[in-house]
Amino acid sequence: NVAHNRLATAASVEALRECASTLDVLDLSSNQLPGDALDAVGALAPTLRVLYLRRNPLVEHVSSTMGSYRKRLIARFAHLSYLDDQPVNANERRTAEAWAVGGDASEAAVRESFQTEARDRVRRNTQYMMKLKENALTKRRASEAAASSASMEAAVALVTPRR
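Residues numbered from 1 in each chain as written. Predicted model: local features only at pLDDT ≥ 70, side-chain atom pairs only at ≥ 80, totals over all residues. Heavy atoms only, no water.

Looking at this model, I keep getting lost on helix H4 (residues 69–76). Mind explaining?
Since there are 3.6 residues in each turn of an α-helix, residues three or four apart along the chain are aligned in direction. For H4, the set of buried residues is Tyr-69, Arg-70, Leu-73 and Ile-74. The buried residues of H4 occupy an angular sector of 120° when projected down its axis, which confines them to one face. Lining the buried residues of H4 we find helix H2 (37–44), strand E2 (50–52), helix H3 (57–66), strand E3 (82–83), strand E4 (86–87) and helix H5 (90–159). (Buried < 20%, exposed > 50% of the residue type's maximum accessible area, 1.4 Å probe, protein only. Helix = DSSP H or I, 4+ residues; strand = E, 2+ residues; numbered from the N terminus. Arc of directions from axis to C-beta. Contact = heavy atoms within 4.5 Å.)

As structure tokens, then:
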């Protein structure tokens, strides 16, 4: 945790290189890191799972010059599961990676695929439930038919005289 340490240059981040191989979580929040520090952070720990960069000039710089800060960082750090105050879910990762490769159009295509996947899931689940219902009705009818047949045989046996 190197938050609130007045780090103000990319070199100050590079000084952390000694411990980079063991870093899973890095809190650089509330410093004065400039936009060019992003490359230093990326080189420092490409396998980060948790990264806090909020309250740094870097955040505004990335947003204003490179597009979405969040999308950019999620696409850059393949193992990131938490960025600043929010978890990174699989759908957000897919859209961020698509956006990084092909821009807004690619992101929109991935979002459309989410909707298609969701509709397909609902359709498959509905079909499965309908099949379960159909099988249960078939079983019930067979059971009722067998019971009816047994009742009919018992009734016939009662009214048929014995010899």
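Where do I start with the sheet that holds strand E1 (residues 25–27) in this structure?
Taken in spatial order, the 4 strands line up as E1-E2-E3-E4 in an open sheet, and their pairing is mixed. At either margin of the open sheet sits one strand with a lone partner, and together these are E1 and E4. Judged from the 2 bridges that link them, E2 and E3 form a sheet pairing that is parallel. By the bridge assignment for E3, Leu-51 is matched with Leu-83. (Pairing = 2+ DSSP bridges.)

What am I meant to see in the pattern of salt bridges here?
Two side chains of opposite charge can pair, provided their charged atoms sit close to one another. For the structure on display, the rule yields 12 salt bridges. Among the ionic pairs, Glu-117 bridges to Arg-94, the shortest N-O distance being 3.2 Å. Taking the relative accessible area as the measure of exposure, Arg-94 reaches 33% and is therefore partly exposed. Here the salt bridges share partners, and the residues they tie into one network are Lys-71, Glu-107 and Arg-111. (Salt bridge = Lys/Arg side-chain N within 4 Å of Asp/Glu carboxyl O.)

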